[in-house]
Amino acid sequence: RLDRPDFGPPRQIYGWGIGAGPDSANPGYYTVAEDTGAGMLTHFFMTSRTADSLTSYRLFVDGKLLRQAELDSFYLKPAGYLRAPLNWINGEARLCDVPIPYHRGFKILYKTTNPYNWYDYAWKPLPAGLQLPASDLASSELRLQEDSALTNYRDPRQLWGGWPSHDTTFAISLRAGDSTTILLTGGAILSKLSLNLDSYDTTLDSVWLEMYWDGSLLPAFRAPLLALFGQSYDFRPLHSLPMDFSQDSGFEMRLPMPFAVSARIVFRNAGSKLHQLRGALSVRPSTVDRTSLGYLHTAFSEILQTKYHVPHHVLHRAGRGRYIGLLMGIPNLHYAQDFEGDAIFVIDSNPGYSFHYGGTEDYFDGAMYFSFGEFSSPFAGTSNIFANYYRFHYLDAMDFRTSFDFDFQHGLDNDCAEHYRTLAFWYEQHIPFWTDRDTVRPGEVWHISGAGFGAGQRIGVRLDSIAIDSFGVKPDGSFDRLVAIPTLPPRAYTLMVGGVAYPEHILVTPCATVQLLDEQRPLLLQTNDTIHLSGAGYVEFDSLEARMDGIRCTANLRSDAGHHLSGAVVVPELADGGSHTIVVTGRASGQGVCPELLPTTRTLTLECEAMTTAQTNPGCGFQNNCGILDFEWSNNAVYSFRPDSALKQLTLRFSVPIADTYACKTYLTRGPVFGNFDVAIDAEQLAQFDGHDADRIYRPDSLDLGTVSLAAGEHTLTFNYTGHDKSVTDSLLWADCLRLVPLSPFKGLDSIPAKSLQLTIFPEPASDLIHILGIASSSFTVSISDILGRPVVSLQELSPDGSATINTTGLADGVYVLHLDAGFQRYVRLFHIVK
């Protein structure tokens, strides 16, 4: 239920060591976690490699010592509220997921002679004004409830005992590109989905299951079957309370799925292989109040290679809901350091509700890099420690009132290059309408649709308290409206339809908007980087261009029928160390200004591991150095090359966007197993590198290559093996990056001269006028910008004789750029103003 307060947002403490500080009332013990007031302990977890006798717990609830025991005994010995399988020991992991209520507070203490204990403790305070029922944790009633819970886990068919249902069976032959729809009507709860397939292979990643609730045009539940089955590639059995999978018995999901009006279930085959599906839907008729019961949602997120310093984004939602679990895949895990990545949650956009789990394996209730292998528990486990993981929050679900954000780190510093796949599950307050966009401009026509209302019900549409439409819905409870946006003050509004609030704010703005797609943007931009943009409020199919501080960018931008902007721009040459603004201009849409300033550098940092080469050598190529020493390579990766008798030369190809003379340095690693190489650019030898050092591996060291003139376009960086130190037999090369610093003064030009013009530019001594003579044609227009390309004199036409007179009043002394533009021809020239 989402219509009434449950518990407050979860609190958590995680870390390692002996705790926050000594407890004065319990000599020798340290306080690890505590709370006052009422609430529920929901997660009790520790990993340790110490002997059982070296660590002792004390758990106080409501001022009483509830349990005292040595580490393993605390979890293993039955005590009513601590019973397997909801509390258990798996190798070095100790876990209790049985909720423990408290009325006046709790306190967790322990003492240990070994600081290398890692812990996660979570609890939910009770909001003021609510009361927990009186309880005795050692009561026979609680033991009976636990017996019932264990019966349900061992035989999930008992979960819905006494609740009548009917099964809808189906058999589907799903051809390439086809889809099949199953429609369920009437208020009900879909309590179980069963699936069996004719074969199991990775082509199931192209078969999608979608579920649409109450006539929605957008799927609330959407997942590829491979991810839904909890698999990455090798189809291992998964056994948990909410779902099971094996190739023998197929797939079964037991998450309750309520709907008030209808459920549309769609199977889509986006691949090329025919799939035969058989299954059943267990439907339990029920009057479902969509204002109280949450509707099940999923979000699938995949990135083929994680980005350096950017966590994998799992989920962002606005509105009221409850997160309940995750299936995660890291297909063919390459780096154990991945497990140093934390699960990071921010609830209701409140930093006080932000918390981590102490590592990937800890979030999935494993320990020490899953050192005891695969395991399965009711709520967490792994069927393949190199690929598949699951965690369901049945008893410690995370409620959110306004928003929920979940990111997963890859490695300690987001420095592992891996393939990440996540499928998140949550319940959400159902919104019975949807819009085509959340940013609108006064005078526009706005598309709003909905379903699931009462037949003929009259509903109103408001932005805050301002009524903008009123109408009666169709006999089937649906509507489809085009609403005119009135002239309103520009700001964010709450959209209300039929008394229901839309979770995202609606922005009313007089101009178009621009925003960055952050996950695709480098931390520091350099010339020729690509920036991906989105936006809203554009005239459909408008002609668009982009500039950065007045300098025109190469761009591929589109505005669609929904008034959305999408596309990318290429960063032009910009001043070193500056911060710049992107402006997108449409002939009909006007200007959209990105509010975020973008830092830039003229220095080109070209990653060797991202360069191309025609040569191949076994074991050579991209190497991620996450977790190696405490050093940080550029993007924490290198091109690793080991010469052999057949191949002693490595040639990497790179491109520069601007012709210039560059100061060049390459960054290479030295250590006991590294060899000697001659380094060349475009076949010209520039330096020698002695890679051997007997002591240790050193952080990447710069090798000065001198100054090199490079034309715009492709070039080569070559390493020729010349031998190794006499004391070693290896000859490894770790090529990190190539750094190019342009030496010519920054021009700030948005175009390059196509030919020379014999122009005469002279000032009029008695005024601020400048006269320009010698322009070939009066078809040109002329303007002046500063050295960064920002306009200082607006566009104007020439006189019939091809001359121009420009007033420079207000311009300070300095260097300026004259722009001549005839559409298909564009010329520039630098000149000085000295008054």
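Asks: Help me understand the overall build of the chain in this model?
Replies: Summing up its helical and strand segments, the chain has 4 helices and 71 strands in all. Of all 835 residues assigned to the chain, the portion counted as buried reaches 54%. Across the chain, every contact between residues at least 6 apart in sequence was considered, and the portion connecting residues at least 24 apart equals 73%. A total accessible area of about 35800 Å² is found for the chain, and carbon and sulfur atoms account for 52% of it.

Asks: So what exactly am I meant to see when it comes to the side chain of Asp542 here?
Replies: Counting through the fold element by element, Asp542 comes out in the loop between β46 (530-536) and β47 (544-548). The buried charged residue Asp542 lacks any salt bridge, with Arg587 as its nearest oppositely charged partner at 6.4 Å. Sequence-distant contacts of Asp542, that is, excluding residues within four places in its chain, are made with Ser559, Gly586, Arg587, Ala588 and Ser589.

Asks: Looking at this structure, how should I read the pairing of strand β26 (residues 343-347)?
Replies: Taken residue by residue, a regular strand's side chains alternate between the two faces of the sheet. Extensive coverage of β26 is indicated by the burial of 4 of its 5 residues. Pairing of β26 with strand β32 (residues 403-408), which is carried by 5 bridges, proceeds in the antiparallel orientation. Across the sheet, the residue bridging to Ile344 is Asp407, located in β32. Looking at chain direction, β26 and strand β27 (residues 355-356) are connected through 2 bridges and run antiparallel. The residue of β27 that forms the bridge with Ile344 is His356.

Asks: Would you mind showing me how to read the packing of aromatic side chains here?
Replies: Following the criterion strictly, the structure yields 56 aromatic pairs and no others. With a centroid separation of 6.2 Å and 50° between ring planes, the pair formed by Phe235 and Phe245 is classed as tilted. One end of the pair, Phe235, is in the loop between α3 (225-228) and β17 (238-239); the other, Phe245, is in strand β18 (residues 243-246), with 10 residues separating them in the sequence. Here Phe235 and Phe245 have matching classes, each one buried. On the numbers, 6.0 Å between centres and 55° between planes, the contact of Phe392 with Phe425 is tilted. Here Phe425 lies in strand β33 (residues 420-428) and Phe392 lies in strand β30 (residues 388-392), a separation of 33 residues in the sequence. Phe425 gets classed as buried once you look at its relative accessible area, which sits at 0%. Its guanidinium or amino end placed over the ring of Tyr667, Arg739 lies 4.8 Å from that ring's centre, counting from NZ or CZ.

Asks: Can you help me understand unusual backbone geometry in this one?
Replies: For residues other than glycine, phi is negative in most cases, and the peptide bonds are mostly trans. Positioned with a positive phi, Phe235 is a non-glycine residue whose angle comes to about 55°. Its relative accessible area of 8% is what places Phe235 among the buried residues. Positioned with a positive phi, Tyr369 is a non-glycine residue whose angle comes to about 60°. As for its position among the elements, Tyr369 is in the loop between α4 (360-363) and β28 (375-376). Tyr369 sits in the partly exposed class, given a relative accessible area of 26%.

Asks: Explain the sheet that holds β26 to me, please; I cannot follow it from the model alone.
Replies: Note: strands within a sheet are paired through backbone hydrogen bonds, in either parallel or antiparallel orientation. The strand order across the open sheet formed by 4 strands is β24-β32-β26-β27, and the pairing between neighbours is antiparallel. The sheet terminates laterally at β24 (312-318) and β27, the two strands that pair on one side only.

Asks: Would you take a moment to explain the confidence of the model for the chain for this structure?
Replies: Segments scoring low in pLDDT should not have their predicted coordinates read at a detailed level. On average, residues of the chain score 87 in pLDDT, and 94% of them are at 70 or above. In this model residues 749-755 is a low-confidence stretch, pLDDT under 50, and it forms 17 contacts with partners more than four residues away in sequence or in other chains.

Asks: Would you explain the nonpolar core in this entry?
Replies: Burial of nonpolar side chains together is a common tendency in soluble globular proteins. Core analysis: the largest hydrophobic core is formed by 51 residues, its most contacted members being Leu195, Leu225, Leu228, Phe229, Met253, Phe267 and Phe425. A per-element tally of this core places strand β14 (residues 188-197) first, with 6 residues. Discounting residues that sit within four places of it in the chain, Leu228 has contacts with Leu209, Phe221, Ala223, Met243, Phe251, Met253, Leu327, Leu423 and Phe425. Grouped together as the second largest cluster of nonpolar side chains are 36 residues, Met328, Ala343, Phe355 and Phe400 included.

Asks: What's the story with helix α2 (residues 140-154) in this structure? I'm lost.
Replies: Turn by turn, an α-helix covers 3.6 residues, leaving residues three or four places apart pointing in a common direction. For α2, built from 15 residues, the straight-helix expectation of 21 Å at 1.5 Å per residue is met to within 8% by its first-to-last C-alpha distance of 21 Å. What α2 keeps buried is the set Leu142, Glu146, Leu150, Asn152 and Tyr153. Looking straight down α2, one finds that the buried residues subtend no more than 160° of arc, so they occupy a single side. Along α2, the residues that are exposed and aim more than 90 degrees away from the buried face are Ser140, Glu141, Leu144 and Arg154. Those residues of α2 hidden inside the fold are in contact with β17.

Thresholds, definitions, all that
Every chain's residues receive numbers from 1 upward, in the order its sequence appears when written. Thresholds applied to this predicted model are a pLDDT of at least 70 for local features of residues and 80 or more for the giving and counting of side-chain atom pairs; totals over whole chains, interfaces and linings are not thresholded and use all residues. Water and hydrogen atoms play no part in the side-chain values, which are based on all heavy atoms of the structure. Runs of H or I in DSSP of at least four residues are treated as helices and runs of E of at least two as strands, each being numbered from the N terminus. Categorising residues by exposure relies on relative accessible area from a 1.4 Å probe, with only protein chains included: less than 20% of the type maximum marks a residue as buried, more than 50% marks it as exposed, and the intermediate range marks it as partly exposed. We call two residues in contact whenever any of their non-hydrogen atoms come within 4.5 Å of each other. Accessible surface area values rest on a Shrake-Rupley calculation with a 1.4 Å probe, where residue burial reflects the displayed protein chains alone. Positive charges come from Lys and Arg alone, negative charges from Asp and Glu alone, with His and the N- and C-terminal ends not counted. Here a salt bridge means any side-chain nitrogen of Lys or Arg lying within 4 Å of a carboxyl oxygen belonging to Asp or Glu. Two strands are counted as paired when DSSP detects at least two bridges linking them. Pairing of aromatic side chains requires ring centres within 6.5 Å, counting the rings of Phe and Tyr and the six-membered ring of Trp. Pairs whose planes differ by under 30 degrees are stacked, by over 60 edge-to-face, and all others tilted. For a ring to carry a charge above it, either NZ of a lysine or CZ of an arginine must fall within 6 Å of the ring centroid while also lying within 35 degrees of the normal to the ring plane. The predictor's confidence in any single residue is recorded as pLDDT, a number from 0 to 100. Residue types Ala, Val, Leu, Ile, Met, Phe, Trp, Tyr and Cys, when buried and joined through side-chain atoms within 4.5 Å, form a set referred to as a nonpolar core. Here the expected length of a helix is defined as 1.5 Å per residue gap, with one fewer gap than residues. This arc corresponds to the set of directions leading from the helix axis out to the C-beta atoms.

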